Amino acid sequence: MSLRNNHTGDNEPKTTSQSYDDAEKGIYEASQQSLPVIPTPPSPVYSLDEKAVVQQVETVQPTPVTSPIHEGITPSSSTPVLTLASRNPPPSPTSDDLKKPQGKPPTKPKRKVSRWILFQLWYNTYRKFFTIVVSLNLIGILLAAIGKFEYAEKHLGALVLGNLLMAILMRNELFLRFLYIISIYGLRSWAPLWLKLAVTSILQHVGGIHSGCALSGACWLLFKIVDILVHHAKQHPSVIATGIITNVLVVISILSAFPWVRNNHHNVFEGHHRLIGWLGLATTWIFVVLGNAYDLKLGEWRLDAHSLISTQELWFAVFMTIFVLIPWITLREVPVEVEIPSPKVAILKFQRGMQQGLLARISRTSIMEYHAFGIISEGRKSRCHYLICGVQGDFTKSLVDNPPKTVWTRELKFAGVGHASAMFKRGIRVCTGTGIGAALSTCIQSPNWFLIWIGSDQEKTFGPTISGLIHNNIEPERMILWDTKKRGGRPDSVQLLKDVWHSFGAEVIFITSNKAGNDEMMQGCLEAGLHAFGTLWDF
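All residue numbers refer to positions counted from 1 along the written sequence of the respective chain. Local features in this predicted model are restricted to residues of pLDDT 70 or higher, and side-chain atom pairs are both shown and tallied only at a pLDDT of 80 or more, whereas totals for entire chains, interfaces and linings draw on every residue. The side-chain numbers reported here are obtained from all heavy atoms of the structure, hydrogens and water having been left aside.

J.: Which parts of the structure should I look at to understand the pairing of strand β13 (residues 406-410)?
T.: Regular strands place side chains that alternate from one sheet face to the opposite one. A strand pair is defined by DSSP finding two or more bridges across the two strands. To qualify as a helix, a DSSP run of H or I must reach at least 4 residues; to qualify as a strand, a run of E must reach at least 2; elements of each kind are numbered from the N terminus. Where strand β7 (residues 331-335) lies against β13, 5 bridges are found, and the strand directions are antiparallel. Considered in β13, the bridge of R332 is made with T409. Sheet topology note: the strand β10 (residues 358-363)/β13 ladder contains 2 bridges and is antiparallel. Bridge pairing links I362 to T409 in β13.

Structure follows, in structure tokens:
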């Protein structure tokens, strides 16, 4: 259930398998791309120490454990044990065997997926929200154009600003954290699974409302300007001028957020969407004040503060400004310790603990070039938290080549879809490469989540800090670490998810992977009837 990728953080174009340094993205490292794929035998479960590959899993019904507030504590008494039984197991490979050339394994046949499955994944909740919002507004514009929408005739500006306010809310850290809190604490204890899944899908894809309302607001604004120009004889030239300027700025801000611009020219997107968006907000204020201060009937200015305060347009503009400013009020320059375990990765360490499922946006400057990464923390009472930054472009490469002493970040963190994991009783968190940054906190802070991490030479690439966080907080029977370099290729990820789903008693899967890996797992899960939420590419 994902749409597009952004916040890659650099100007250079990126291939599909490279756009993964967002918080909700994983990567397969370059060395992994050339590795062959090993077909997995039916229904295997792979042990952590890589010494046994077993053919049957004897499912043990787990003891339900509710962890209402994740504090990074993993009680051993609450951990289910997966009993492994073997029927004629193949001989365990030794380290010498792994070093021997095995020849090129047979190529894994491409999974055939029905068009219905592909359509369901394409027309996800994001696109449904976008379709509904834009359709309703277009109907409203059509009714207003033929004189059948009385409210639009009197409050055309309110329809413009109302849509823009909603677009801002759907990207506001405070408002989204509020939605997650209401959903988690309101549904966790009593709601049926289908309702939790529906709410999680809504929370993940509120970007569809953001995009739909922004585009609709621009359409209403264009309609308003046309209406002003039609009646230009009655309007003051300053009102017409500010209206046209506001329209141009808002349209540029919206166009800069189109997927192609976001994915291929991130800094262009950020500069235009943010800075021109702020300038558009300022001209909106001028447009609203002038438009309400000029009396069309009398053809003169009225300096009546009461009439201005009582207008809907003013209060829409007030709340737009407040919600734009809130995240920036929490902006701080904070000290950071940078660990570089390999040329591919930088591990950033910050003070204070965090809840699971949150994202941090960081930059070397206070205004521009912010990039989102998943937060790793042992809990809110922990003394520190970490970010894993995979080297993919100019910004992340600079973290390795020239490690900073301080970075800018907002103290108010953004909630990713992983934050909704607290709603579910048991689940699987599967990730590839640097996607461990978005996935690990969930499995550390809750004993009810199973970790599957697929990557190349993980311990060497990500270093002792990440390895220690995993092995010190997650029991061996609650994780599978698949090293593609040692095992000679990727697993059949869909079959692996099926096996863990049944053995662990999961009710949901959260996926953090690259585009190819995400598509493969999402298609397989939907086909198998497993409830899964894929990588989010819409920050």
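J.: Where do I start with the packing of helix α6 (residues 156-169) against helix α9 (residues 207-230) in this structure?
T.: How two helices pack is summed up by the angle between their axes together with the distance between the axes. Structural elements are reduced to axes, namely lines fitted to C-alpha atoms, with helices fitted over the stretch in contact, and the angle between N-to-C directions of any two is expressed from 0 to 180 degrees. At a minimum axis separation of 7 Å, α6 and α9 run at an interaxial angle of 160°. On the basis of the axis angle, α6 is roughly antiparallel to α9. In the crossing of α6 with α9, the sense of the turn from one axis to the other is left-handed. Contacts between α6 and α9 pair L156, G157, L159, V160, N163, L164, M166 and A167 from the former with I209, H210, C213, A214, S216, G217, W220, L221, F223, K224 and D227 from the latter. By residue class, the composition of the contact of α6 with α9 is 12 nonpolar, 5 polar and 2 charged. Angular relationships are summarised with four words: roughly parallel below 35 degrees, roughly antiparallel beyond 145, roughly perpendicular across 65 to 115, and oblique for the angles in between. Note: crossing handedness is left-handed where the near helix turns anticlockwise from the far helix by less than a right angle, and right-handed where it turns clockwise. When checking whether two residues touch, look at their non-hydrogen atoms; a contact exists if any pair is within 4.5 Å. Note on residue classes: Ala, Val, Leu, Ile, Met, Phe, Trp, Tyr, Cys and Pro are nonpolar, Asp, Glu, Lys and Arg are charged, and everything else, Gly too, is polar.

J.: I'm lost on unusual backbone geometry in this one. Help?
T.: Keep in mind that most residues, glycine aside, have a negative phi and that most peptide bonds are trans. Phi angles above zero are rare outside glycine, and R352 is one such case at about 75°. Within the secondary structure layout, R352 lies in the loop between β9 (345-351) and β10. A positive phi is found at D457, a non-glycine position, where the angle reads about 50°. Take D457: it is sitting in the loop between β16 (449-455) and α17 (458-473).

J.: Looking at this structure, how should I read the pairing of β9?
T.: Three labels apply to residues, based on accessible area from a 1.4 Å probe with only protein chains included: buried if under 20% of the type maximum, exposed if over 50%, partly exposed otherwise in between. Buried residues dominate β9, accounting for 5 of its 7 residues. Taken together, the 4 bridges between strand β8 (residues 337-342) and β9 define a ladder with antiparallel strand orientation. Considered in β9, the bridge of V338 is made with L348. Between β8 and β9, which pair antiparallel one after the other, the connecting turn spans 2 residues.

J.: Can you walk me through the UniProt feature "transmembrane region" (unreviewed entry) in the protein chain in this structure?
T.: UniProt positions are given in the numbering used here, feature names are shortened, and annotations may be inferred rather than shown by experiment. Feature annotation in UniProt assigns "transmembrane region" (unreviewed entry) to the following positions: residues 129-149, 155-171, 238-260, 275-294 and 314-331. The span residues 238-260 carries 87% helix and 0% strand; its end-to-end C-alpha distance comes to 36 Å. Secondary structure content for residues 314-331 is 89% helix and 6% strand, while the C-alpha to C-alpha distance between its ends is 27 Å.

J.: I would appreciate a short explanation of the pattern of salt bridges in the present structure.
T.: Here the idea is simple: oppositely charged side chains can pair when their charged atoms come close. Any Lys or Arg side-chain nitrogen found within 4 Å of a carboxyl oxygen on Asp or Glu counts as a salt bridge. Overall, the coordinates contain 9 salt bridges when judged by the stated rule. The closest approach of N and O atoms between K515 and D519, which form a salt bridge, is 2.7 Å. Taken together, the residues span about one helical turn, with K515 and D519 both in helix α20 (residues 515-528) at a distance of 4 residues. Each of E173, R361 and R410 takes part in salt bridges that share partners, so that together they form one network.

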